[in-house]
Amino acid sequence: MVRRRRFHNKQFPTRYSAAEYLDDTLAKTGATDLERDVGLWAWLTLLYFEQICPTNKSGERELRERPAYLPEPQNFQRYYRHLLLGPF
């Protein structure tokens, strides 16, 4: 019987703790070349969007530039700016 590990929409106090959780969870999948999987990182961004882009006091979101949310793994000058992939 294959046991599936599910991602939980949990709260992370720091980017480092998010990276630790993602590393632990993704390592158990056996997948390779995760850093280049744009779909995975886009999905994780949506899952954790409330933390990545919280609302301000007036209830609005202050969006950052594109690489913060959608990774650009082929662009060595920008890939690390993704808010989840960078710490991972």
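Criteria and thresholds
- Here the residue numbers are simple positions, counted from 1 along each chain's written sequence.
- Only residues with pLDDT of 70 or above have their local features reported here, since the model is predicted, and side-chain atom pairs are shown and tallied only from 80 upward, although totals for entire chains, interfaces and linings are computed over all residues.
- With hydrogens and water set aside, each side-chain value is computed from the structure's full complement of heavy atoms.
- Space inside and on the surface of the protein is sampled on a 1 Å grid over the protein atoms alone, with a cavity defined as a set of points where a 1.4 Å probe fits but cannot get out and a pocket as an open set with protein on both sides within 12 Å along at least 5 of 7 lines; lining residues have an atom within 4 Å of a point.
- Grid points are joined across faces, edges and corners, and a volume is the space filled by probe spheres set on the points.
- Helix and strand assignments come from DSSP, with helices taken as H or I runs of at least 4 residues and strands as E runs of at least 2, each series counted from the N terminus.
- Classification used: nonpolar for Ala, Val, Leu, Ile, Met, Phe, Trp, Tyr, Cys and Pro, charged for Asp, Glu, Lys and Arg, polar for all others including Gly.
- In what follows, salt bridge is the name for a side-chain nitrogen of Lys or Arg lying within 4 Å of a carboxyl oxygen of Asp or Glu.
- For every residue, the accessible area (1.4 Å probe, protein chains only) is compared with the maximum for its type, and the residue is labelled buried under 20%, exposed over 50%, or partly exposed between those bounds.
- Remark: nonpolar core denotes a set of buried residues (Ala, Val, Leu, Ile, Met, Phe, Trp, Tyr, Cys) joined through side-chain atoms within 4.5 Å.
- One fewer than the residue count of a helix, multiplied by 1.5 Å, yields its expected span.
- Any two residues whose heavy atoms approach within 4.5 Å are treated as being in contact.
- Known as pLDDT, the predictor's confidence for each residue is given on a scale from 0 to 100.

Draft legend 1. Region of the structure containing the layout of surface pockets. Reported here for the largest pocket is a volume of approximately 190 Å³. Taken together, Phe-12, Pro-13, Thr-14, Arg-15, Ala-18, Tyr-48, Gln-51, Ile-52, Arg-64, Leu-83 and Leu-84 make up the lining of the largest pocket. Contributing elements (two or more residues each) for the lining of the largest pocket: helix 1 (15–27) and helix 3 (49–52). When the residues that make up the lining of the largest pocket are grouped by side-chain class, the tally is seven nonpolar, two polar and two charged.

Draft legend 2. Representation of the pattern of salt bridges. Applying the stated criterion across every chain, the model contains two salt bridges. A salt bridge links Lys-28 to Asp-24; the shortest N-O distance between them is 3.4 Å. Linking Arg-61 and Glu-50 is a salt bridge whose minimum nitrogen-to-oxygen distance equals 2.7 Å. Here Arg-61 is found in the segment after helix 3, whereas its partner Glu-50 is found in helix 3, with eleven residues between them in sequence. Residue Arg-61 is classed as partly exposed on the basis of its relative accessible area of 32%.

Draft legend 3. Representation of the nonpolar core within the structure. By size, the foremost hydrophobic cluster in this structure holds 17 residues, and its most contacted members are Leu-22, Trp-41, Leu-44, Tyr-48 and Leu-84. The element best represented in this core is helix 1, accounting for four residues.

Draft legend 4. Local environment of helix 1. Here helix 1 is 13 residues long and its end C-alpha atoms lie 18 Å apart, about the 18 Å a rise of 1.5 Å per residue gives. Among all positions of helix 1, only Ser-17, Ala-18, Ala-19, Tyr-21, Leu-22, Thr-25 and Leu-26 are buried. Taken together, the buried residues of helix 1 touch helix 2 (38–47).

Draft legend 5. Seen up close, the confidence of the model for the protein. Model confidence for the protein is summarised by a mean pLDDT of 83, while 90% of its residues fall at 70 or above. Taking the mean pLDDT of every element in the protein, the minimum, 88, falls on helix 3 and the maximum, 90, on helix 1.

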